[in-house]
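# Observations on chain architecture
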Amino acid sequence: MKRIPFLDSHTGGEPTRMLESDAPDLGSGSVAEKLERFRSHHDTFRSQVLNEPRGSDVLVGALLVAPNDPSCQFGVIYFNNVGYLGMCGHGTIGIMASLSYQGRVKPGTYRIETPVGIVEATLHAGNGSGGYPNRVSVRNIPAYRYLKQVALEVDGKTVHGDVAWGGNWFYLVHDHGLEVSPQNLEELTDFSWKIRKALQEAGISGANHQEIDHVELFSPTPEADSRSFVLCPGKAYDRSPCGTGTSAKLACLFADGSLQDGQTWKQQSVVGSVFEGQVHMDHGQMIPTITGEAWVMAEGKLLVDERDPFGEGIRI
């Protein structure tokens with residue numbers, strides 16, 4: 001019987017499963033190199049811990065690994081039900097709250113090596129009546145808009161979206177004409193998936209021909225500066241406002257002159273949770289910072305019986 005310890009949290013409703021011990025040995029080198037070994041040789045582990053029957057489509061995994069950069073305290077590889085992520089904002093908030101719960105970090109700033117670069121996570125003190133600190137600000141990698149208002153034919157109508165990088169690639173759309181609300185999840189999911197397929201068919205991609213695997217739809221809301229629906233690569237929607245998606249949004253706002261250095265932007269998710277975002281210029285690059293809270297909700301051990309016909313997870 002294989003036993004895999006885990007600690008689950010959620011950030012604005014979006015779950016993160018933190019793993020560390022009893023994981024594959026990914027060798028030495030950078031976190032980016034470890035990710036490639038993970039992808040090439042140990043993808044079964046990803047499926048075991050995230051896919052049904054032990055996980056679900058919405059769950060994001062965070063594997064803690066030793067950083068290669070000596071300035072970093074942690075390294076992390078993020079993955080989901082269908083593959084791997086460059087960065088994950090909600091996941092970074094989640095692992096910091098989880099490490100805080102375990103007593104492994106105290107309020108302060110920590111450097112984390114991800115496959116796409118180093119981020120800084122600040123754990124804030126003073127989160128309520130004596131519990132573990134769980135409010136975190138993530139200073140992300142540089143974000144930028146790659147293409148502005150790219151027209152796309154979807155379902156008989158034309159939409160326009162920016163292509164932007166926030167740690168993952170996004171297509172961000174405002175003129176979709178749909179209501180962004182929990183009551184409209186099926187239609188939002190269907191239309192966003194059609195957008196993703198249309199992007200592929202039209203040959204529209206990010207820099208260096210990288211696939212745009214996240215779609216983000218926006219609408220106004222009286223409760224924040226914007227409300228969004230984010231469809232992730234595995235066709236699950238993000239319950240949080242999406243950290244890398246909010247970073248991409250901030251990059252577009254900054255490029256348009258609609259957001260100033262240091263100005264706070266509140267991004268609300270489709271389920272109502274909110275991230276606060278800011279941008280700062282650093283050596284000519286736009287650096288987004290995302291702030292939110294995460295809550296530890298489960299800990300234990302996953303069991304993998306070698307006789308189990310679905311021991312490697314259900315892959316569809």
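Quick summary incoming for the structure in this document.

What counts, and at which threshold
- Residues numbered from 1 in each chain as written.
- Predicted model: local features only at pLDDT ≥ 70, side-chain atom pairs only at ≥ 80, totals over all residues.
- Heavy atoms only, no water.
- Helix = DSSP H or I, 4+ residues; strand = E, 2+ residues; numbered from the N terminus.
- Expected span 1.5 Å × (residues − 1).
- Buried < 20%, exposed > 50% of the residue type's maximum accessible area, 1.4 Å probe, protein only.
- Phe/Tyr/Trp six-rings, centres within 6.5 Å; stacked < 30°, edge-to-face > 60°.
- Lys NZ or Arg CZ within 6 Å of the ring centre and 35° of its normal.
- Core = buried A, V, L, I, M, F, W, Y, C linked by side-chain atoms within 4.5 Å.
- Contact = heavy atoms within 4.5 Å.
- Polar contact = N/O pair within 3.5 Å; in protein donor to acceptor, adjacent residues only side chain to side chain.

## With respect to helix H4 (residues 185–202)
Compared with the 26 Å implied by 1.5 Å per residue over 18 residues, the 25 Å span of H4 between its first and last C-alpha is a close match. Listed in full, the buried residues belonging to H4 are Leu185, Leu188, Thr189, Phe191, Ser192, Ile195, Arg196, Ala198 and Leu199. After H4 finishes, the residue Gly203 shows a positive phi value of roughly 70°.

## Notes on the packing of aromatic side chains
Taken as a whole, this structure holds 10 aromatic pairs when the rule is applied. Aromatic side chains Phe79 and Tyr84 sit 6.2 Å apart centroid to centroid with 50° between the ring planes, which places their arrangement in the tilted category. With relative accessibility at 0%, the residue Phe79 sits in the buried group. Judged by centre distance (5.7 Å) and plane angle (80°), the rings of Tyr101 and Tyr132 are edge-to-face. Here Tyr101, found in helix H3 (residues 89–101), pairs with Tyr132, found in the loop between strand S7 (117–123) and strand S8 (135–139); they are 31 residues apart in sequence, far enough to count as distant. Using a relative accessible area of 35% as the deciding quantity, one classes Tyr101 as partly exposed. One aromatic cluster in this structure is built from Phe38, Phe45, Phe79 and Tyr84. Cation over ring: Lys157 sits above Phe191, and NZ or CZ is 4.8 Å from the ring centre. The positively charged end of Arg239 is found above the aromatic ring belonging to Tyr237, 3.8 Å away from the centroid.

## Some details on the nonpolar core
Core analysis: the biggest nonpolar cluster contains 62 residues, and Tyr78, Met96, Leu152, Tyr171, Ile195, Leu217 and Phe229 have the highest contact counts within it. Residue contributions to this core peak at six residues, all from H4. Apart from the residues within four sequence positions on either side, Met96 is in contact with Val105, Tyr110, Ile112, Ala121, Leu123 and Val136.

## Considering the side chain of Asn81
By the element assignment, Asn81 lies in the loop between strand S4 (74–79) and strand S5 (84–85). A polar contact is formed between the side chain of Asn81 and the backbone oxygen of Gly234, at a distance of 3.4 Å. Contacts of Asn81, omitting those with residues within four sequence positions, involve Arg46, Leu50, Asn51, Asp57, Leu59 and Gly234.

## Here's the deal with the environment of Ser137
Topologically, Ser137 is positioned in strand S8. On a C-alpha basis, the gap between Ser137 and Asn208 in space is 30 Å, while along the polypeptide they are 71 residues apart. Within polar-contact distance, the side chain of Ser137 engages the side chain of His124 at 2.7 Å.

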